[in-house]
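What follows is the residue order along each chain.
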Amino acid sequence: MEYSFFIYDQIINIKLKGDYLGLPKEKILIRDAKIFTKSGNIDFVVDASEVNHMNSGGLSMLVRLYTDISQHNGKMLIISPPEQLTKLLKITKLDKVFQTVTRRGEAMQLLRLNRS
């Protein structure tokens with residue numbers, strides 16, 4: 001499991017890579033993301049295109065991230081979730097909660113429009 005953050009146009013971008021299985025590192029990701037929300041950066045794009053596998057523990061991480069962002073009145077979009085994650089979102093009915101898009105540009109545009 002790997003992740004990285006970068007900020008573009010006041011939108012936090014998180015790049016996920018590898019397997020997300022509820023390991024302690026995912027708690028660190030949540031902690032790191034909270035640093036941004038506490039400082040007023042509340043819009044997030046999560047690039048899941050390089051996620052190999054995600055189980056319920058990894059899904060829990062996404063829910064906790066979404067909850068923190070929502071509590072700060074922010075928005076979160078997921079870019080290019082792999083088929084396995086898309087199926088998991090459908091099974092858990094979280095596809096009704098998480099908005100997914102296919103491209104980073106589309107996500108950035110939606111978040112910018114939401115600011116207006």
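Coordinates for the structure precede this section.
Now for a description of the structure that goes with this document. (Residues numbered from 1 in each chain as written. Predicted model: local features only at pLDDT ≥ 70, side-chain atom pairs only at ≥ 80, totals over all residues. Heavy atoms only, no water.)

Now for the side chain of N41. Mapped onto the elements, N41 comes out in the loop between α1 (24-38) and β3 (43-54). With residues up to four places along the chain from it excluded, the contact list for N41 reads Q10, I12 and F36. (Helix = DSSP H or I, 4+ residues; strand = E, 2+ residues; numbered from the N terminus. Contact = heavy atoms within 4.5 Å.)

Let's shift gears to the environment of I30. Within the secondary structure, I30 is located in helix α1. Along the primary structure I30 and D68 are separated by 38 residues, whereas in three dimensions their C-alpha atoms are 8.7 Å apart. In this view, I30 contacts M61, R64 and L65; residues no more than four positions away in its chain are not counted.

This paragraph deals with the packing of aromatic side chains. Scanning the model with the defined rule gives three aromatic pairs in all. One aromatic cluster is present, formed by Y3, F5 and F36 through successive ring pairs. (Phe/Tyr/Trp six-rings, centres within 6.5 Å; stacked < 30°, edge-to-face > 60°.)

Along its 12 residues, helix α4 (residues 104-115) runs 17 Å from first to last C-alpha, staying within 8% of the 16 Å computed at 1.5 Å per residue. For α4, the set of buried residues is A107, M108 and L111. Seen along its axis, α4 keeps its buried residues to an arc of 95°; they face one direction. Buried residues along α4 sit against β1 (2-8), β2 (11-20), β3, β4 (75-79) and β5 (99-101). (Expected span 1.5 Å × (residues − 1). Buried < 20%, exposed > 50% of the residue type's maximum accessible area, 1.4 Å probe, protein only. Arc of directions from axis to C-beta.)

The values are spatial; any link to function lies outside them.
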